[in-house]
Amino acid sequence: MTLLMLVGPSGVGKGTIVKELKALRSDVWLSISATTRTPRENEIHGVDYFFVTESEFEQMIKDGELLEWAQYTGNYYGTPKAPVLEKLREGKLVVLEIELAGARQIKTQIPDVIDVMVIPPSLEALAERLTTRGTETPSDREARLAIAQAELAARGEFRFQIENDTVTEAIAQLLPLLPDQE
Ligand code: 5GP
């Protein structure tokens, strides 16, 4: 069973790395999180996230359906437990793309997780990427950048750190951390 956790600031490019990893390995399965955040224009329920209400999310917490969960810029985010356990049993390379508080919960529950923090080339580069992406309001962007600094300050908690300057370079750092595909 292989669980890979990609952690790192919003806008650092975790999604792009996973997309590239999926193209390279057919055994990759990306967990779909539940969130109370409003969907972005191009996001699809059940594909990008399970978009739920606050009360639905709180029910999932009560029912023990989440492997981990956290609040981030005023919204809940969490990893549904059952599909992750099922895909791990099937021998998939299961990938979680999550923020710091959730990552800490995973590390205590599943110590042999491959824990990777994705680092931006600089805070300026990160700010520029978030602005170019244009999916957040200026105030949400500011909140995300403030959280980014706290997340990067915790980089020492992670066994592996990869710098995402270009996706090619990031993938070259990530591949050696993973077991060979069977
Ligand atoms: P976004 O709103 O940009 O999609 O996500 C905001 C942050 O929440 C990102 O750092 C993202 O990786 C993280 N995130 C997404 N899904 C989960 C989850 O299930 N659990 C936790 N803890 N963080 C998540």
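Reading guide: rules and limits
Residues numbered from 1 in each chain as written. Predicted model: local features only at pLDDT ≥ 70, side-chain atom pairs only at ≥ 80, totals over all residues. Heavy atoms only, no water. Pairing = 2+ DSSP bridges. Helix = DSSP H or I, 4+ residues; strand = E, 2+ residues; numbered from the N terminus. Contact = heavy atoms within 4.5 Å. Axes fitted to C-alpha atoms, helices over the stretch in contact; angles between N-to-C directions. 1 Å grid on protein atoms, 1.4 Å probe; cavity = no way out; pocket = protein on both sides within 12 Å on 5 of 7 lines; lining within 4 Å. Points joined across faces, edges and corners; volume = space filled by probe spheres on them. Buried < 20%, exposed > 50% of the residue type's maximum accessible area, 1.4 Å probe, protein only. Core = buried A, V, L, I, M, F, W, Y, C linked by side-chain atoms within 4.5 Å. Near = heavy atom within 4 Å. Polar contact = N/O pair within 3.5 Å; in protein donor to acceptor, adjacent residues only side chain to side chain. Sits in = over half its atoms within 2 Å of the grid points. Phe/Tyr/Trp six-rings, centres within 6.5 Å; stacked < 30°, edge-to-face > 60°. Left-handed = near helix turned anticlockwise from the far one by under 90°. Nonpolar A, V, L, I, M, F, W, Y, C, P; charged D, E, K, R; others polar.

Read from one edge of the open sheet, four strands run β4-β3-β6-β5, paired in mixed fashion. This sheet does not close on itself; its edge strands, each paired only once, are β4 (50-51) and β5 (66-72). Pairing analysis gives two bridges linking strand β3 (residues 34-35) to β4, with the strands arranged parallel. Considered in β4, the bridge of Ala-34 is made with Phe-50. Lying over the sheet, helix α2 (residues 54-62) contacts β3, β5 and β6 (75-80), oriented at roughly 45° with respect to β6. Lying on the sheet, helix α3 (residues 81-89) is in contact with β5 and β6; it crosses β6 at an angle near 30°.

Unfilled space is identified by rolling a water-sized probe across the atoms. If you add up the space inside the largest pocket, you get close to 1200 Å³. Every residue lining the largest pocket is counted, 39 residues in all, and those nearest its centre are Gly-15, Arg-40, Glu-43, Tyr-49 and Glu-97. Here the lining of the largest pocket gets six residues from one element, more than from any other, and that element is helix α1 (residues 14-24).

Next up on the list: unusual backbone geometry. Residue Thr-73 is not a glycine yet carries a positive backbone phi of 40°. Tracing the sequence through the fold places Thr-73 in the loop between β5 and β6. The partly exposed category is assigned to Thr-73, whose relative accessible area is 27%.

Right, let's talk about the nonpolar core for a bit. Among the nonpolar cores identified, the biggest contains 21 residues, and Leu-4, Leu-6, Ile-17, Leu-21 and Leu-174 are the most heavily contacted of them. Listing elements by their share of this core, those giving two or more residues are β1 (2-7), α1, β7 (93-98), β8 (114-119), α5 (123-133), α6 (138-153) and α7 (167-174). Not counting the four nearest positions on each side in its chain, Leu-174 is found in contact with Leu-4, Leu-6, Ile-17, Leu-21, Val-116 and Ile-162. Ranked by size, the runner-up nonpolar core spans 20 residues in total, among them Leu-3, Met-5, Ile-98 and Ala-154.

Ser-33, Arg-37, Tyr-49, Glu-68 and Tyr-77 are the nearest of the 17 residues found near the ligand. Here Arg-37 contributes a side-chain N or O atom positioned 2.6 Å from an oxygen atom of the ligand. Measuring from an oxygen atom of the ligand, one finds a side-chain N or O atom of Tyr-49 at 2.5 Å. Under a 2 Å grid-point criterion requiring more than half of the atoms, the pocket assigned to the ligand is the largest pocket. When contributions to the shell around the ligand are tallied by element, the ones reaching two or more residues are β5, β6 and β7.

In total, this model carries five aromatic pairs according to the counting rule given. Judged by centre distance (4.7 Å) and plane angle (5°), the ring pair of Phe-57 and Tyr-76 falls under stacked. Taken together, the positions of Phe-57 in helix α2 and Tyr-76 in strand β6 put the pair 19 residues apart, joining distant regions of the chain. One aromatic cluster in this structure is built from Tyr-49, Phe-51, Tyr-72 and Tyr-77.

Now for the packing of α1 against α7. Closest axis-to-axis distance for the α1/α7 pair is 10 Å, and the angle between their directions is 65°. In the crossing of α1 with α7, the sense of the turn from one axis to the other is right-handed. Where α1 approaches α7, its residues Thr-16, Ile-17, Glu-20, Leu-21 and Leu-24 are matched on the opposing element by Val-167, Ala-170, Ile-171 and Leu-174. Of the residues that constitute the contact of α1 with α7, the class distribution is seven nonpolar, one polar and one charged.

All quantities given are derived from atomic positions and should not be read as evidence of function.
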